[in-house]
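Now for the letters of each chain:
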Amino acid sequence: MTGVLPVLGGPLTGRVTHGRTALTAAELLPLVHGAAAALPTGRVALDGGGALARLVWFLAADLRGCPALLVEESWTPRERDAVLADAAATPVDASAAPTGPVGDRSTGGADEPFYLPTTSGSTGRPRVLQRSRRSWQRSFALFDVPLEPADEVLVPGPLSSSLFLFGALHGLRAGAGVRLLDRWSAVAAAREARTATVVHLVPAMLAALLAVLERDPVLRAGCALRAVICGGARVDPALADRLAEVLPGCELVEYYGSAEQSLIALRRGGGALRPVVPVAVEPADGEPVAGAGELHVRSELAFDGHLEDGVLVEARPGWMPVGDRAIQHPDGSLEVLGRAATTISSGARLVSAEEVEAVLRTGGGVADVLVAPTPHPRFGALVTALVEVDPGRPPALGELRALARRELAPGKRPRRWLLTTALPRTPAGKPARALVAERLRAGTLDAWEPA
């Protein structure tokens, strides 16, 4: 029985902990080989099971040479049917115990497809992508976040999100321990952080984790984290400062990428965001920020294409748009301004939703915020701020408006304010923009007007 797992590019030496179950590499490998023996040929859709079972079956699919899709339990029936139709994959029950015989498997080469990620759905219906092993192996090599075998890497979100799956496989590739949670819980993550030394998060999760540590001095004193790795969205300076205050000496690592392009840029130690692949910024008509434009990438880490009814629509070679607006400074560093799709046209003025969100997140009592358009017959759209708050101590409307007046130009200030106890989110923990916009249009958003 070989100990080599293809996507890791070498033998499995790490370990995995899930709840009270802890497996060494020697204990994990027979499970992976047994699951590989039970898999059909071709694409597979792994459904059900806890985080450890899903990881075992995913590694088995890689070993067997089956491109794998991890079904997301939060998909609506419509989304699920559409995704499975595009993937044209054989369903596999990932909750089943591996029972096949242990032995060597045929795996294919590095350029063969191994993973079928889906886009997050934060701006629309999930789309099924196809990635080769080599694209992720190159991403691991460029992901300059050294891990030691003694490290324990906490992966506190669903492996159906490529952000968390990447974190788990990166940890295993380094020979470190990987600690899995089935679903996000700030309290559970804080408890795991008594042992974990590295954690993968999105900014909203980091804010929630820090809130738990601020409230619980025992958990804060016992926190073993030496590094927080954040992806999915930009970390606001106020949140970075808060991390430094709560956990002095804990390094913040930010990375920027996309499901299609994989890793694009990395920031460590509060420095600049440095591209790891060639990038270019193309001027765009009507761009309100001087020097900004549409970000393009030419990358060997990119996806092969996307699937439609089981047929691969190949990605075009060469430079590809990312969908974000950015500035590239003379020293080569990047400043990502946000997605062009989140720019709101209100009263003949273009407003960056991310810019407004970054300001409002600094307000007292604000857990998170999403800015979206509400249709309006005269202005086209009203800039609407949906603020996630603690219902026991929500911020006053006057305080929010005063903050907007201090920090934002008149045309960028929200015209409409709504409060909620929980923003709608994607499985990766990012605010679900498309869903919020849809509910605003339909008048079905679970929110209330502040006093």
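Look a little higher up for the structure.
If you're wondering where the values come from, they're calculated on a predicted model, not measured in any experiment.

The next point concerns the overall build of the chain. A count of helical and extended segments in the chain gives twelve helices and 27 strands. Against the 2.2 N^0.38 benchmark of 22 Å for 451 residues, the chain shows a C-alpha radius of gyration of 22 Å, consistent with a compact globule. The C-alpha extent of the chain, read off along each of the three principal axes, is 65 × 50 × 45 Å. A buried classification covers 51% of the 451 residues belonging to the chain. Considering only residue pairs separated by 6 or more positions, the chain has 66% of its internal contacts joining residues 24 or more positions apart. A total accessible area of about 19,100 Å² is found for the chain, and carbon and sulfur atoms account for 51% of it. Taken together, the 47 basic and 49 acidic charged side chains of the chain have centroids lying 3 Å from each other.

For the rest of this paragraph, the subject is the sheet that holds strand 11 (residues 177-180). With mixed pairing, the nine strands of this open sheet are ordered in space as 4-3-11-10-12-13-14-15-16. The open sheet is flanked by strand 4 (21-23) and strand 16 (274-275), the only strands paired with a single partner. Alignment of strand 12 (residues 198-201) against strand 13 (residues 227-230), held across four bridges, turns out to be parallel. If you follow Val198 over to strand 13, its bridge partner there is Ala227. The sheet contacts of helix 2 (residues 51-64) involve strand 3 (15-18), strand 4 and strand 11, and relative to strand 3 the element is tilted by about 145°.

Take the packing of aromatic side chains next. With the rule as written, the count across this model stands at ten aromatic pairs. Taken together, a centroid distance of 5.8 Å and an interplanar angle of 50° make the contact between Phe114 and Tyr115 tilted. Like Phe114, the residue Tyr115 is buried in the burial classification. Between the aromatic rings of Phe140 and Phe166, the centroid separation amounts to 5.0 Å while the plane-to-plane angle is 35°, which identifies the pairing as tilted.

Further remarks concern the pattern of salt bridges. Side chains that differ in sign of charge can pair as their charged atoms come close. Applying the stated criterion across every chain yields a total of 23 salt bridges. The salt bridge involving Asp368 is made with Arg361; its shortest N-O contact spans 2.8 Å. On the basis of relative accessible area, Arg361 is assigned to the partly exposed category, the value being 28%.

For the rest of this paragraph, the subject is the sheet that holds strand 26 (residues 380-389). One open sheet holds the three strands; their spatial order is 25-26-27, and the pairing between them is mixed. Each edge of the open sheet carries a strand with a single partner, namely strand 25 (366-376) and strand 27 (416-420). Adjacent strand axes in the sheet meet at a mean angle of 25° when their direction is disregarded. By the bridge criterion, five bridges tie strand 26 to strand 27 in an arrangement that is parallel. In the strand pairing of strand 27, Leu386 is matched with Leu418. Against the sheet, helix 12 (residues 433-442) engages strand 25, strand 26 and strand 27, with an angle of about 50° to strand 25.

A few words on helix 11 (residues 397-407). Within an α-helix, residues lying three or four positions from one another point in the same direction, as the helix has 3.6 residues per turn. When helix 11 is considered as a whole, its buried residues turn out to be Leu397, Leu400, Leu403 and Ala404. Down the axis of helix 11, the buried set is contained in an arc of 130°. They therefore lie on one face. The exposed set on the far side of helix 11, more than 90 degrees from its buried face, consists of Glu399 and Arg406.

What follows deals with the packing of helix 2 against helix 5 (residues 162-173). Across the interface, helix 2 lies against helix 5 with an axial gap of 12 Å and an inter-helix angle of 70°. It follows from the interaxial angle that helix 2 and helix 5 lie roughly perpendicular. Of the residues in helix 5, those in contact with Leu55, Phe58 and Leu59 of helix 2 are Leu165, Leu169 and Leu172. Among the residues making up the contact of helix 2 with helix 5, the classes are represented as six nonpolar, no polar and no charged.

Okay, the nonpolar core next. Membership of the largest hydrophobic core comes to 98 residues, with the highest contact counts inside it found for Leu46, Phe58, Leu169, Leu172, Leu180, Leu225 and Val228. With ten residues, the top contributor of residues to this core is helix 2. Every residue in contact with Leu172, bar those within four places of it in the chain, is listed here: Leu8, Leu12, Gly14, Arg15, Val16, Leu55, Leu59 and Val178. Formed by 21 residues, the second largest nonpolar core is a distinct cluster that contains Val369, Ala385, Leu400 and Leu403.

Here the focus is the pairing of strand 3. The sheet contact formed by strand 3 and strand 11 spans four bridges and is parallel. When the sheet's bridge partners are listed, Val16 is paired in strand 11 with Val178. Bridge count between strand 3 and strand 4: three bridges; the pairing is antiparallel. In the sheet register, Thr17 faces strand 4, and the bridge partner there is Ala22. Between strand 3 and strand 4, which pair antiparallel in sequence order, lie two residues; one of them, Gly19, sits at a positive phi of approximately 65°.

Further remarks concern the packing of helix 7 (residues 203-215) against helix 9 (residues 237-246). The N-to-C vectors of helix 7 and helix 9 enclose an angle of 35°; their axes lie 10 Å apart at closest approach. When you trace helix 7 past helix 9, the crossing you get is left-handed. Side by side, helix 7 and helix 9 meet where Pro203, Leu206, Ala207, Leu210, Ala211, Leu213 and Glu214 of the first sit next to Leu239, Arg242, Leu243 and Val246 of the second. Its residues assigned to classes, the contact of helix 7 with helix 9 comprises nine nonpolar, no polar and two charged.

Attention now goes to the state of the cysteines. Linking two cysteines covalently via their sulfur atoms produces the bond known as a disulfide. Within this structure, the stated rule accounts for zero disulfides. Free of any disulfide, Cys223 has its nearest neighbouring cysteine sulfur in Cys250, separated by 6.7 Å.

Structurally, Thr197 can be placed in the loop between helix 6 (186-192) and strand 12. A relative accessible area of 16% means that Thr197 is categorised as buried. Reaching out from Thr197, the side chain makes a polar contact with the side chain of Asp151 at a distance of 2.7 Å.

Cut-offs and rules
- Residues numbered from 1 in each chain as written.
- Predicted model: local features only at pLDDT ≥ 70, side-chain atom pairs only at ≥ 80, totals over all residues.
- Heavy atoms only, no water.
- Helix = DSSP H or I, 4+ residues; strand = E, 2+ residues; numbered from the N terminus.
- Rg over C-alpha atoms; globule rule 2.2 N^0.38 Å.
- Buried < 20%, exposed > 50% of the residue type's maximum accessible area, 1.4 Å probe, protein only.
- Contact = heavy atoms within 4.5 Å.
- Areas by Shrake-Rupley, 256 points an atom, 1.4 Å probe, with all protein chains shown as cover.
- Lys, Arg positive; Asp, Glu negative; His and termini not counted.
- Charge placed at Lys NZ, Arg CZ, Asp CG, Glu CD.
- Pairing = 2+ DSSP bridges.
- Axes fitted to C-alpha atoms, helices over the stretch in contact; angles between N-to-C directions.
- Phe/Tyr/Trp six-rings, centres within 6.5 Å; stacked < 30°, edge-to-face > 60°.
- Salt bridge = Lys/Arg side-chain N within 4 Å of Asp/Glu carboxyl O.
- Arc of directions from axis to C-beta.
- Parallel < 35°, antiparallel > 145°, perpendicular 65-115°, else oblique.
- Nonpolar A, V, L, I, M, F, W, Y, C, P; charged D, E, K, R; others polar.
- Core = buried A, V, L, I, M, F, W, Y, C linked by side-chain atoms within 4.5 Å.
- Left-handed = near helix turned anticlockwise from the far one by under 90°.
- Disulfide = S-S within 2.5 Å.
- Polar contact = N/O pair within 3.5 Å; in protein donor to acceptor, adjacent residues only side chain to side chain.

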